[in-house]
Amino acid sequence: MAISTVSPITSYLVAQKDETTAAQNYAKTDSVTANEVATFEKDAGSITTVDGLLKNYSVLQVVLGAYGLSSLSGQTAIIKDLLTQDPSSSTSLASKSSNASWQAFAKAFAVWSEHDGVSTVSPFTTDDSKVSVASTPTETTQLTLTATLPSSTSSQDSYTTAGVTTYDSSGNATNVALQWTRSSSDPLTWTVSAYDADGDGAVANNSYSVTFNTDGSIASVSNAISGESIVTSSDDGSTAFIPVTLTDSDGTSQNIKLVLGTVNSTDSGTVMATSDTQTTSTSQADSLSGSGTSLTMSSVVLGTTKGTGQSYLSSPLDPDQALDDSDSIPASVRNYMSVKWTQTGTSTWSVSLVNPYDSTSVTSASVYTVSFNSTGSVSQVNGMSTDKIPALTATMGGVTYSVNLDSPTLSMTTKATESTLTSNSSTTTSYDGVDMSTLVDDFEQTQYEQSKANQKDGVGNALYFTRKISGVTSLTQLMSDATLTKVVETVLGYDPDQIGALDYSQQVQILTGKVDFSQFKTADGIKKYAEQYLAMLQVNPQSSDDALSTMDLFGGSNSSEGIAALFDVSSSSSGSSSLYSALF
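From a predicted model like this one, the values you see are computed outputs, not experimental measurements.

J.: Is there a simple way to think about the pairing of strand β8 (residues 189–196) in this case?
T.: Successive side chains on a regular strand alternate, one facing one side of the sheet and the next facing the other. Summarising burial for β8: seven of the eight residues are buried, a large majority. Of the pairings in the sheet, the one linking strand β7 (residues 173–182) to β8 comprises seven bridges and is antiparallel in character. Within β8, the residue paired with Leu-178 across the bridge is Ala-194. Count of turn residues in the β7/β8 antiparallel hairpin: six residues.

J.: What's the story with helix α18 (residues 523–539) in this structure? I'm lost.
T.: Along an α-helix, residues three or four positions apart point the same way, because every turn accommodates 3.6 residues. Helix length check: α18 (17 residues) gives 25 Å between terminal C-alpha atoms against 24 Å at 1.5 Å per residue, within 8%. If you check which residues of α18 are buried, you get Gly-525, Ile-526, Tyr-529, Ala-530, Tyr-533, Leu-534 and Leu-537. Buried residues along α18 sit against α1 (8–17), α13 (459–468) and α15 (482–491).

J.: Could you clarify how one ought to interpret the nonpolar core in this entry?
T.: One broad rule of soluble globular proteins: the nonpolar side chains tend to lie buried together. By size, the foremost hydrophobic cluster in this structure holds 38 residues, and its most contacted members are Phe-40, Val-63, Phe-105 and Phe-124. Look past the residues within four positions of Phe-40 in its chain and what remains in contact with it is Val-59, Val-62, Val-63, Phe-124, Met-436, Leu-439 and Val-440. Grouped together as the second largest cluster of nonpolar side chains are 36 residues, Ala-197, Val-300, Leu-317 and Trp-349 included.

J.: Please clarify how the sheet that holds strand β13 (residues 253–262) should be interpreted in this entry.
T.: Sheet strands line up and pair through hydrogen bonds in the backbone, either parallel or antiparallel. With mixed pairing, four strands are arranged side by side in an open sheet as β12-β13-β3-β28. This sheet does not close on itself; its edge strands, each paired only once, are β12 (239–247) and β28 (421–423). The sheet shows a mean angle of 25 degrees between the axes of neighbouring strands, direction not considered. Relative to β28, strand β3 (residues 142–145) runs antiparallel, the two sharing three bridges. When the bridges of β28 are listed, Leu-143 appears paired with Ser-423.

J.: How should the packing of helix α6 (residues 76–84) against helix α8 (residues 100–108) be read in this particular structure?
T.: Each pair of packed helices can be summarised by the angle the axes make with each other and by the distance between the axes. Between α6 and α8, whose axes approach to 8 Å, the crossing angle comes to 60 degrees. Overall, the two elements α6 and α8 adopt an arrangement that is oblique. On α8, the residues that touch Ile-78, Ile-79, Leu-82 and Leu-83 of α6 are Trp-102, Phe-105 and Ala-106. Broken down by class, the residue content of the contact of α6 with α8 amounts to seven nonpolar, no polar and no charged.

J.: Explain α8 to me, please; I cannot follow it from the model alone.
T.: Three or more residues of α8 are buried, namely Ser-101, Trp-102, Phe-105 and Ala-106. Projected down its long axis, α8 carries its buried residues within an arc of 130 degrees, all on one side. Where α8 starts, the residue carrying a side-chain oxygen 2.9 Å from the main-chain nitrogen of Ser-101 turns out to be Asn-99.

J.: What is the right way to read empty space enclosed by the protein from this model?
T.: Under the defined criterion, the tally for this structure stands at one cavity of 30 Å³ or more. Its volume calculated, the largest cavity comes out at about 30 Å³. In terms of lining residues, the largest cavity is bounded by Met-297, Ser-298, Ser-299, Val-300, Trp-341, Leu-405, Asp-406 and Pro-408. Its residues assigned to classes, the lining of the largest cavity comprises five nonpolar, two polar and one charged.

J.: What exactly am I supposed to notice about the side chain of Thr-161 here?
T.: Inspection of the secondary structure puts Thr-161 in the loop between β5 (158–160) and β6 (164–167). Only 2.9 Å separates the side chain of Thr-161 from the backbone nitrogen of Leu-178, close enough to count as a polar contact. In this view, Thr-161 contacts Leu-145, Ala-177, Leu-178, Gln-284, Thr-420 and Leu-421; residues no more than four positions away in its chain are not counted.

J.: I would appreciate a short explanation of the pattern of salt bridges in the present structure.
T.: In total, this model carries nine salt bridges according to the counting rule given. As a salt-bridge pair, Lys-340 and Asp-200 come within 3.3 Å of each other at their nearest N and O atoms. In this pair, Lys-340 is assigned in strand β19 (residues 338–343) and Asp-200 in the loop between β8 and β9 (208–212), connecting sequence segments 140 residues apart. What makes Asp-200 partly exposed here is its relative accessible area of 45%.

How each quantity is defined
Residues numbered from 1 in each chain as written. Predicted model: local features only at pLDDT ≥ 70, side-chain atom pairs only at ≥ 80, totals over all residues. Heavy atoms only, no water. Buried < 20%, exposed > 50% of the residue type's maximum accessible area, 1.4 Å probe, protein only. Helix = DSSP H or I, 4+ residues; strand = E, 2+ residues; numbered from the N terminus. Pairing = 2+ DSSP bridges. Expected span 1.5 Å × (residues − 1). Contact = heavy atoms within 4.5 Å. Core = buried A, V, L, I, M, F, W, Y, C linked by side-chain atoms within 4.5 Å. Axes fitted to C-alpha atoms, helices over the stretch in contact; angles between N-to-C directions. Parallel < 35°, antiparallel > 145°, perpendicular 65-115°, else oblique. Nonpolar A, V, L, I, M, F, W, Y, C, P; charged D, E, K, R; others polar. Arc of directions from axis to C-beta. Polar contact = N/O pair within 3.5 Å; in protein donor to acceptor, adjacent residues only side chain to side chain. 1 Å grid on protein atoms, 1.4 Å probe; cavity = no way out; pocket = protein on both sides within 12 Å on 5 of 7 lines; lining within 4 Å. Points joined across faces, edges and corners; volume = space filled by probe spheres on them. Salt bridge = Lys/Arg side-chain N within 4 Å of Asp/Glu carboxyl O.

So, in C-alpha cells, the structure goes:
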C-alpha cells in the first residue's frame, strides 16, 4: 500500500470544511460528471413522466447519484416501482423495503408516485418551489365574498359578481354568482341573492336582506322573505353569511355557506363605501330593465373575438317584483328572467331567455343564432345579414314575456374579470418541487466522494457518512445504506466484507445494541466518528473496491446471487422488480 504524504484524516478535514466547492471543482475536471450535469440542466425541466426520466441516461444518473442510489442505474423495473407506487402505501416497494434512501427518493417524486408516473408538469424546479397538478375537485362547502358596494349617496343601486365554480361531492360543477340590489326606501339596506350563473337552475331561489352601518360594516343579515334573522349588530365580530342550497345533477341537495364578512368590522369581506370617491367593485353582469311583460336589455360586451367556450348571463330580474312584493309572494315561486348567451362557434353565439332558478319553468322560448364580424359587431341573425336582433320571447307560468335587445358586442382585447367571489374547493394538488441545483450539488458530491482518489483511503466514505448520518436514528435506517453501514461496521471492529456475507438477520443480530446513535446527534460527534473510521482503516486496511450497495446485499446488478440466495430467491427469475417483491 502506497504511503501518502498527507494522512487520510487530514485530507478528510480539509475537504469536509467546504466539500461543495471541492466537489464543484472536481466536477469541472471530470468529463463524465461535467457532461452528465450539463445534460441534466438542459433536459430535466422538460421531463414530465417516469418513462421520460428512464429514457434519459444522463438525467437519471444525476438523480440517482444525488440520492445515493447509483447502484440502481440498471434496475429500471425497481426505479419505476419506486416512482409509480405511492410511498405512503404499506404495499409499495419503498415502504416494504424499509430502505430510507428508497423512501426518500419516492417521496421526493410524489408528484409522480401518486399519479402513476405521469404529471402535467415536471417535478424538477429551478428553485425551492412547489409544483401544482390538476386533481379531482374537492367539494365546495364555503364561498367568500370580498367586495365594496356603492356608497349610500351613489346613484348605482346594483352590483353583480362574476360567477365562481363550485363542485359537489362527485366533482360536478355549478357556476354561482351574487346579485345585490339596493332598497328603494333605505340606502343602507341591500337585497342579495345567489343564482346559477349558467342559467341551469341549480341554485335554489333565495333572497336575503343585508343592512350596513354608516362606517360601511355589516350590521345585520336576515331572510328577506321570512324576516328570520341570521346575524344582528349585537353579534359583534360574528361571521355574516347567507346559506345557499344547490341541487346536484342526481337531485341531491348541497348546502354551502356564503360568507359575506364580519359583523361590525370593515377589516375584510363585504363592505359598503362611505363616500362616492371610494373605489367600489365593478359589476360583472347587467340586468334586464322594465317591468311586466315587455322588457329591455341594453348593449353589453359578451366576451372577446378570440375567446372560446364563452358565455354571458344577465343578472336575474323578477319582472313582476313590485306586485310580488306587495302580495308577499315567496321567492321560491316567483318567475325570474335572464338573457343567456352561449358561444357555439368561433364567431357564433346562441341567445334565449331563461329562468336561472328553474330551467323547467320556461315552456317555450325563441332561440337565435347570432354571428359577429372580426371587429365584434353583430353581422348575422339566423343566417340573415343584419345588425339587429329580433325581440326574444319566452313563456313562464302561462305568461309570455318579450325582451328587446340592443345589439351586444365582442371585445377585440382581453375582457377583464373582477373575481370577488371565491370558493374553498381545490382543483389542484401542490407538491414540493425537486430543486435542480440541490440535485446537482448532491450528485457532484457523490461523484467526488466516489472518485478513485477519495475511495483509496476511505476519505470518500467518511465524507458521505458526514453528510448522511445525522438523520439516522435506528438500525433499520442505518442498514438500508451500504456505505453508512460499512463505516459503522469498521468502527465497531468488524470486516464489512465478512459480515456482509452473512444472512441479513444475522447481521442485525450482530449489530443490535452495538451502535450508539447518540453520537450522531451533533456535528462534532459525527466528525469524530468519521475520523475514527479513517484511523481504523490505517490499522486494518480494506479492499479498495467500491462499497457494497443495498443491491449487492439482495442480489442486484453487481453480483450474481448475493444474499438473495439465502432468501431462496433466484435473481435470474422474472426480473429485479419481482425479486424485490419476493424479498419484502
